[in-house]
There are 2 protein chains.
Amino acid sequence: FRRLHQAALTDLKQVLGTSHDVLVFCSSGTGAMEAAVSNLFSRGEKVIACSAGKFGERWVEIARAFGLETIVLKADYGRAVPVEQVEQALAANPDVRGVFVQASETSTGVAHDVRGMAAAVARTEAIFVVDAITGLGTMPLDIDGWGLDVVVGGSQKAFMIPPGLAFLAVSPKAWRRAETADLPHYYFDLRKEKKSADKGESSWTPSTALLLALSAALGYIKQIGMDKLIENAQLLARATREAVRELGLELFAVDTPAASVTAVKAPAGWDSGLIVKEFRNRFGAIIANGQGVMKGKIFRIAHLGYFDFADVFAIIAGLEVILNGNGFPVRYGSGVAAAQRVYAEAAFPKEAALA
Amino acid sequence: FRRLHQAALTDLKQVLGTSHDVLVFCSSGTGAMEAAVSNLFSRGEKVIACSAGKFGERWVEIARAFGLETIVLKADYGRAVPVEQVEQALAANPDVRGVFVQASETSTGVAHDVRGMAAAVARTEAIFVVDAITGLGTMPLDIDGWGLDVVVGGSQKAFMIPPGLAFLAVSPKAWRRAETADLPHYYFDLRKEKKSADKGESSWTPSTALLLALSAALGYIKQIGMDKLIENAQLLARATREAVRELGLELFAVDTPAASVTAVKAPAGWDSGLIVKEFRNRFGAIIANGQGVMKGKIFRIAHLGYFDFADVFAIIAGLEVILNGNGFPVRYGSGVAAAQRVYAEAAFPKEAALA
């Protein structure tokens, strides 16, 4: 087990491209989010939480649950929090000790300018904590180069294995805060976990099967390369967006769409739940409804992890059938053709012009 | 194990819709083909083998290996052996003791008129032996009603589980021949296997894991219904044919196409292996090359077992991309649209007219 555990941690560091410590917890991603809050801050400290959707609200909830004074920078659903807003909030509050953000806000399909925000935070005493659960593998994240202090990941997204493992990369700046932090924590104990990891152990009973799976997945990612994985997700996302636009549907995240998931507004007067249900019943395909107040208004097509162009083609063709069958007329194959053009431009640069 | 084995045999009988004995062997389908030859005929007897491709040739090879005098009714690749030809051969050879055929000839995508042939054979002393390995679940086969004496099936096709199990349904007329048959056999011993099965046992070490899987698959088929499974395969096959024609490609089996697999001629001057390779490399999808002399000339798209319309859409969209990318221009989405129309006509009879 020690060898497996240490190899997984080493591979994880390599795949994430960081020299920071990487720790693995047996929990969902939310557990690692909590670990970042409860291990790195002290009672009553001031933090900024960027919130562009459901998962941004989770940062706010965790920070408040631990008694932190939380400044919320809220973007309208479908938009991202601008870097300038973070800069202004930092300038107005020199006592801020941490900034929280989602790299990719899955609930609305929006990506944040992590690099820009990191530069702003780096000039202050605050540490920058990035929830990259769906961002890893779908967008470039240079942990060391950009100065990301804590990066949270999960097993079930780009790493393609079942849920159950979460991990954090922790920078030296973040470790320094951990030394004085006094918030209560027990299961999620970064310093204890690091001590265990250095001995090749985990503090609590490890999820051995998932570690084995993670190890295999990391081997695969190392083989194809993290940059290729990201490039692929971005191309799939672009093809999906082009297809959806071609069908006359409106994208939900217009300015800074994420590559992990494409959020699409249901046609006027439609409940997006119908589309989700039709995909499941007719094609055995899982797409997601909106979450919280967005439920019924948008549907979300994921394209991260174990997903490829054949899936995009099938999903778009299925969407065309579902739209037509329920009275929103589209031309069969037209959305698929838009996705095919994106694929072909990338795959056959010359021949694409002929088609 | 006894309970599992007996339940699987009972379910198999029910799913096949026969009152005949059904026996399971731990072998590939070819083993059960051999069992039908070696258990039911005597040295030097005369048989007819209908051959419309690679698997028809296998009947000829097995029959000759066991020293049977074998009349070969050969159809050109891409065509089926006509019922009249069987009738004529039977009339000219009243001493024929058996007729062998493929319900669905997988190597060329051709289906035989099993019902018509059965009627011709029923009027004689001969028994009718049908290789239905890819026919079961993709075309109607009324074993008892049409008078099919031996029907051979395998685990890995419509039954959706890994290869490794083969089975035979054996009619009373066939059992009567088994009483006097004197060809050598040992592993494949129908009478021994029936005695074991009646006690809930199998003669040799059983493939327990596959039996468990078969049991689960049979439960699923019972739930959706064998007729629905067949209807689905036929609809998928029709959608695939329409799509392929729309793209300007030529079907290989024009007159009596099988629903298990659609064989398509490669564009003039193309090696079909290129298409197979492109599918694997670009989309991780497996389609089949031609077999034997057809290698390089046709490619074959299967649509049996665990396969649905989303797969058809993805395969056709992928095919369009591959054709365009290699210089055979087609309009993106046009083949997909043809498949979508077939789906929509079946799924939304009214709305389809609008699209």
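Here the structure is a predicted model, which is why all the values come from computation and not from measurement.

Participant: Explain the relation of the copies chain A and chain B to me, using residue names and the numbers behind them.
Facilitator: Note on the identical chains: chain A maps onto chain B by a rotation of 179° and an axial translation of 0.0 Å, with an RMSD of 0.0 Å. Both copies are brought into coincidence by an operation consistent with a two-fold rotation axis. For chain A, the minimum C-alpha distance to the rotation axis belongs to Gly333(A) and amounts to 1.9 Å. When the interface residues of chain A are mapped onto chain B, 100% of them again lie at the interface, so the same face is used by both copies.

Participant: Give a detailed account of the sheet that holds strand β12 (residues 298-302) of chain B, specifying residues and quantitative values.
Facilitator: Residues and elements named next belong to chain B. A sheet is described by the order of its strands in space; here three strands give the open sequence β10-β12-β11, paired in antiparallel fashion. For this open sheet the edge positions go to β10 (261-265) and β11 (288-289), each flanked by a neighbour on one side alone. In the sheet, β10 pairs with β12 via five bridges, with the strands oriented antiparallel. Its bridge partner lying in β12, Thr262 is registered against Ile301.

Participant: I'd like a rundown of the interface of chain A and chain B, residues and numbers included.
Facilitator: Taken together, the contact between chain A and chain B spans 27 residues of the former and 27 residues of the latter. Here chain A and chain B share an interface that buries about 2400 Å² over both sides, 66% of which is from carbon and sulfur atoms. Looking at the side of chain A that touches chain B, the elements that each hand over two or more residues are α11 (272-283), α12 (309-325) and α13 (334-347) of chain A. Take the side of chain A that touches chain B: its biggest share by element is ten residues, from α12(A). Broken down by class, the residue content of the side of chain A that touches chain B amounts to 15 nonpolar, five polar and seven charged.

Participant: Help me get a handle on the domain arrangement of chain A, residues and values and all.
Facilitator: All names here are of chain A. Looking at the assigned domains, one finds that chain A contains domain 1 (2-224) and domain 2 (226-354). Here the C-alpha centroids of domain 1 and domain 2 sit 29 Å apart. Domain 1 puts 25 residues into the contact, and the matching count from domain 2 is 26 residues. The tally of links from domain 1 across to domain 2 stands at one salt bridge. Put simply, Arg79 and Asp255 hold a salt bridge, and the shortest N to O gap is 2.1 Å. Across the domain 1-domain 2 interface, the total number found is six residue pairs in polar contact (both at pLDDT 80 or more). Of all the elements in the fold, those that place two or more residues in the side of domain 1 that touches domain 2 are α3 (54-65), β6 (110-111) and α9 (208-224).

The rules we used
- Residue numbers restart at each chain and count upward from 1, following the sequence in its written direction.
- Chains and ligands are labelled sequentially in the order written, the chains with letters from A and the ligands with numbers from 1.
- pLDDT decides what is reported in this predicted model: residues at 70 or higher carry local features, side-chain atom pairs at 80 or more are listed and counted, and totals for whole chains, interfaces and linings draw on all residues regardless.
- The side-chain quantities take in all heavy atoms of the structure and omit both hydrogens and water.
- When the copies are superposed, the least-squares fit takes in the C-alpha atoms of residues with a pLDDT of at least 70 in both.
- By the convention used here, residues are in contact when the closest approach between their heavy atoms is within 4.5 Å.
- Strand pairing is assigned whenever DSSP identifies at least 2 bridges connecting the two strands.
- Only DSSP runs of H or I reaching four residues or more are called helices, and only runs of E reaching two or more are called strands; each is numbered from the N terminus.
- Note on terms: buried area is the combined drop in 1.4 Å-probe accessible area of two parts once they are placed together, counting the loss on both.
- Each residue gets one label: Ala, Val, Leu, Ile, Met, Phe, Trp, Tyr, Cys and Pro are nonpolar, Asp, Glu, Lys and Arg are charged, and the others, such as Gly, are polar.
- What counts as a domain boundary in this text is fixed by an automatic or database domain assignment.
- The rule for a salt bridge is simple: a side-chain nitrogen of Lys or Arg has to be within 4 Å of a carboxyl oxygen of Asp or Glu.
- Polar contact is defined as a pair of N or O atoms within 3.5 Å, subject to the rule that within protein one atom must be able to donate a hydrogen and the other to accept it, and that residues adjacent in sequence are counted only when both atoms are side-chain atoms.

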